[in-house]
Amino acid sequence: MSYSNLTKSELTAELAELSQQYEGFVEKGLTLDMSRGKPCTEQLDICLPMLDVLNSSVSCKSANGFDLRNYGILDGIPECKALMSQLIQVRPEQVMIGGNSSLNMMFDAIACMMTTPIVEGATPWFNVPDRKFLCPVPGYDRHFSVTGYFGFEMIPVPMTAEGPDMDIVEELVKNDASIKGIWCVPKYANPTGITYSDETVRRFACLQPAAKDFRIMWDDAYCVHDIADEGDKLLSLMDECEKAGNPDLPIIFCSTSKVSFPGSGVAAMATSENNMKVFKARYTNQTIGFDKLNMLRHLLFFKDFDGIKAHMMKHKDILKPRFETVISKFEEQLASCEIASWTNPRGGYFVSINVYPGTAKAVVKMCKEAGLVLTPAGATFPGGFDPEDSNIRIAPSYPPVEELKMAMDVFCTCVRICAIQKILSE
Ligand SMILES: Cc1ncc(COP(=O)(O)O)c(C=O)c1O
């Protein structure tokens, strides 16, 4: 029963029934929080033994004999650089290990380029008054906060099933030297969950920006985060950029926030030697070095890349039923109404849904009034403004499956009610 085929009185009858259901949810006094993509308790529990691997009986020396208990090694322990390089498909010498947060490294990278040109002789971005940044939408709200904070005009670029619309990206960067960069989450993107196609990666590597200091902020946050048995494969941007003669274009980021512990993981950045020289010159003034004992703890626990992959299989087992719950509820309760479309990702932390245009804010508000907190509508767009008022980010990881079922019942009911109200008002 596609809503577009129903008569006004049929829609009104449907609305009355759904409103009764909604009142039933409100009376339950629910408190459900799906506002952020946080790992659930079970996911944190599987990493608890990491807290026991570092104790007074283990050697705190790196392979090259450095005492990791002491100051030093700005760019991280070599073994940790080697491990993280495998996650993001670069060479170990291209990696710098940071603190506990990749977002922090992204903020630092932008802050650095604000004051110091990444290309000799270029103007620091602080002195480019009309500086702009490309923001694929829907995207990650905190990326947009960073470039918003530094005063960039943010230009939305639509996402396709293959990544950002590259026709638009190529055209924009070719013609406007005040466009200084683009935010990308190339694998299991936040929030659509799609992985950039090989062609998209190659087109990124071959970009010819008017700005010589244009940089691709390649946030590979979900590089090993499969949910499906057969995960997506992402081409190495670094390899492609080197092949294309554009080695300085990418700055690649990742962390173990959603591998080990969010807020207590290990973050990494990888880029060309030219770029890294500029970043390190700033970091030298910023810190004597990051937490090497936490790097060691991660190395002792995971041992190698296979150890990380095996650990991610455990995350997969916990997350898979949650994602399946969300998708099956959408299929059962929304598909036939033909008022919404959603993604069905093979990995990552989110499902993106486009509800009936003009109703996303109303849906989120209605859910909140029934005790279900979602990511604010619009958060997936720069400045919090979704011109269609349609996109909502669903984060299935945190609630237990039974709660998630209830949350999705509330959500689907609200999506349907708001769609009918909108259709009737049109
Ligand atoms: C795309 C993306 N990048 C970065 C982060 C945060 O990473 P970190 O904890 O390493 O700062 C998140 C967290 O949700 C994310 O979704």
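All values derive from a computational prediction rather than experimental measurement. (Residues numbered from 1 in each chain as written. Predicted model: local features only at pLDDT ≥ 70, side-chain atom pairs only at ≥ 80, totals over all residues.)

S.K.: Whenever I open this one, the overall build of the protein chain confuses me. Can you help?
M.R.: Across its full length, the protein chain carries 14 helices and 13 strands. Taken over C-alpha atoms, the radius of gyration comes to 23 Å for the protein chain, in line with the 22 Å a tight globule of 426 residues would show. Each principal axis of the C-alpha distribution contributes one length, and for the protein chain these read about 75 × 55 × 35 Å. For the protein chain, the proportion of its 426 residues judged to be buried stands at 47%. A separation of at least 24 residues holds for 76% of the contacts in the protein chain among residues at least 6 apart in sequence. (Helix = DSSP H or I, 4+ residues; strand = E, 2+ residues; numbered from the N terminus. Rg over C-alpha atoms; globule rule 2.2 N^0.38 Å. Buried ≥ 20, exposed ≤ 12 C-beta atoms within 10 Å, placed from the backbone. Contact = placed C-beta atoms within 7 Å.)

S.K.: How should I be thinking about the sheet that holds strand 3 (residues 132–137) in this particular structure?
M.R.: The strands that make up a sheet pair up through hydrogen bonds in the backbone, lying either parallel or antiparallel. The strand order across the open sheet formed by 8 strands is 2-9-8-7-6-3-4-5, and the pairing between neighbours is mixed. In the strand order of this sheet, the two ends are held by strand 2 (95–97) and strand 5 (163–164), each with one partner. Relative to strand 7 (residues 215–219), strand 6 (residues 179–184) is paired through 4 bridges, and the arrangement is parallel. Its bridge partner lying in strand 7, isoleucine 182 is registered against isoleucine 216. (Pairing = 2+ DSSP bridges.)

S.K.: It is not clear to me how the domain arrangement of the protein chain should be interpreted in this structure. Could you clarify?
M.R.: Accessible area lost during the coming together of the parts is what is often quoted as the interface size. The domain architecture assigned to the protein chain consists of domain 1 (3–44 + 309–425) and domain 2 (61–303). For domain 1 versus domain 2, the separation of C-alpha centres amounts to 31 Å. Listed per partner, the contact involves 26 residues of domain 1 and 28 residues of domain 2. Every element with two or more residues in the side of domain 1 that touches domain 2 is listed here: helix 12 (305–333), strand 11 (351–354) and strand 13 (391–394). Broken down by element, the side of domain 1 that touches domain 2 gets its largest block of residues, 7 residues, from helix 12. Of the residues belonging to the side of domain 1 that touches domain 2, the class tally is 12 nonpolar, 8 polar and 6 charged. (Domains from an automatic or database assignment. Nonpolar A, V, L, I, M, F, W, Y, C, P; charged D, E, K, R; others polar.)

S.K.: Looking at this model, I keep getting lost on the site of the ligand. Mind explaining?
M.R.: Near the ligand lie 13 residues; those nearest to it are Ser101, Ser102, Leu103, Ser255 and Ser257. For the shell around the ligand, the per-class residue count stands at 6 nonpolar, 6 polar and 1 charged. (Near = placed C-beta within 6 Å.)

S.K.: Would you mind showing me how to read the nonpolar core here?
M.R.: When a protein is soluble and globular, its nonpolar side chains tend to lie buried together. Within the largest apolar cluster, 123 residues are counted, with the highest numbers of intra-cluster contacts made by Ile252, Ala268, Val363, Cys367 and Val415. Sort the elements by how many residues they give to this core and helix 14 (residues 401–425) lands first, with 12 residues. A domain split of this core shows at least three residues from each of domain 1 (3–44 + 309–425) and domain 2 (61–303). Filtering out sequence-adjacent residues up to four positions away, cysteine 367 remains in contact with Leu372, Leu374, Val410, Phe411 and Cys414. (Core = buried A, V, L, I, M, F, W, Y, C linked by C-beta atoms within 7 Å.)

S.K.: I tried to follow the packing of helix 4 (residues 78–88) against helix 11 (residues 292–302) on my own but got confused; where do I start?
M.R.: Helix-helix packing is described using two parameters, namely the angle between the two axes and the distance between the axes. As a packed pair, helix 4 and helix 11 sit with axes 10 Å apart at the nearest point and diverge in direction by 60 degrees. One finds that helix 4 runs oblique with respect to helix 11. Between helix 4 and helix 11 the crossing geometry is left-handed. For the pair formed by helix 4 and helix 11, the contact residues are Glu79, Cys80 and Leu83 on the first element and Met295, His298 and Leu299 on the second. Classifying every residue of the contact of helix 4 with helix 11 by side-chain character gives 4 nonpolar, 1 polar and 1 charged. (Axes fitted to C-alpha atoms, helices over the stretch in contact; angles between N-to-C directions. Parallel < 35°, antiparallel > 145°, perpendicular 65-115°, else oblique. Left-handed = near helix turned anticlockwise from the far one by under 90°.)

S.K.: Please explain helix 6 (residues 141–149) as it appears in this structure.
M.R.: Since there are 3.6 residues in each turn of an α-helix, residues three or four apart along the chain are aligned in direction. Buried within helix 6 are the following residues: Asp141, His143, Phe144, Val146 and Thr147. Contacts from the buried residues of helix 6 go to helix 5 (102–115), strand 3, strand 4 (153–160) and strand 6. Following helix 6 by one or two positions, glycine 151 has its phi on the positive side, about 75 degrees.

S.K.: I'm lost on the pairing of strand 13 in this one. Help?
M.R.: On a regular strand, one side chain projects to one face of the sheet and the next to the other, so that they alternate. Here strand 13 shows two buried faces, one formed by Asn391 and Arg393 and the other by Ile392 and Ile394. Pairing between strand 11 and strand 13: 4 bridges, direction antiparallel. In the sheet register, serine 352 faces strand 13, and the bridge partner there is arginine 393.

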